[in-house]
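Secondary and tertiary structure notes
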Amino acid sequence: MRVMLYTRKKIQSGEFRDKVDIVDEFGKDVCSYNSLSGGERKRVDIALMLALDNVIREYFKLKERLLGILILDEIFGFLDRDGEEGVAEVLNELGQDAAIFIVSHTDAISAWFPRKWVMSKKDGISSLRVK
C-alpha cells in the first residue's frame, strides 16, 4: 500500500484547485481516500500518523518519536478481524517506544496487548482495574 498526498485536485470542470487529496495505491489499484471503506480509511489514517511522525523526527533530527504518548479512541471501530490484528501488531511495535492508550468497547482486542486497564460502570459507579 502506498499513500500519496496531493495539494491540488482536479475538479469536474477540469480546473485544478488548491485542495488536499489523499490517494491510495493498493497494488495496481489507485483510489481516492473518500472511496475507501471505514476500515480502509482507519488503516490509512494510522499509516499517515506514523509516517508523519517519522518525517518530522528525521527532518528535525530528533532521537525520539514525537508520539511519546498516543491516545486512540475507538481505533478498531471499522476494522474487520484481519484489520484489527494488523493494527494491533503495528501498535505493539510502536509501544516499545511510546505509551499507548486505547479506548475501546471491543473486548476481543485485549488479547493483543500485554497490559490492560479496564474501566467498568455498575450502578452509576465507575471503577478501574489493571489486568
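Computed from a predicted model, the values in this text were never measured in an experiment.

A short note on the packing of helix α1 (residues 38–59) against helix α2 (residues 81–94)
Between α1 and α2, whose axes approach to 11 Å, the crossing angle comes to 15°. As judged from the angle between their axes, α1 and α2 are roughly parallel. Handedness of the crossing formed by α1 with α2: left-handed. Residues R43, I46 and L50 of α1 form the contact with α2, whose participating residues are G83, V87, V90 and L94. When its residues are assigned to classes, the contact of α1 with α2 shows 5 nonpolar, 1 polar and 1 charged.

Quick look at the nonpolar core
Core analysis: the biggest nonpolar cluster contains 15 residues, and F76, V87, L91 and F113 have the highest contact counts within it. Among the secondary structure elements, those contributing two or more residues to this core are α1, β4 (69–73) and α2. Core analysis: the next-biggest nonpolar cluster, separate from the first, contains 5 residues, C31, L36, V44 and L48 among them.

Re the pairing of strand β7 (residues 125–130)
By the criterion of burial, β7 is predominantly exposed, with just 0 of the 6 residues buried. Counting the residues that bridge the hairpin from strand β6 (residues 117–122) to β7 gives 2 residues, and of these D123 lies at a positive phi of roughly 55°.

Conventions and cut-offs
- Residues numbered from 1 in each chain as written.
- Predicted model: local features only at pLDDT ≥ 70, side-chain atom pairs only at ≥ 80, totals over all residues.
- Heavy atoms only, no water.
- Axes fitted to C-alpha atoms, helices over the stretch in contact; angles between N-to-C directions.
- Helix = DSSP H or I, 4+ residues; strand = E, 2+ residues; numbered from the N terminus.
- Parallel < 35°, antiparallel > 145°, perpendicular 65-115°, else oblique.
- Left-handed = near helix turned anticlockwise from the far one by under 90°.
- Contact = heavy atoms within 4.5 Å.
- Nonpolar A, V, L, I, M, F, W, Y, C, P; charged D, E, K, R; others polar.
- Core = buried A, V, L, I, M, F, W, Y, C linked by side-chain atoms within 4.5 Å.
- Buried < 20%, exposed > 50% of the residue type's maximum accessible area, 1.4 Å probe, protein only.
- Pairing = 2+ DSSP bridges.

In short, the description is geometric, and any link to function would need to be established separately.
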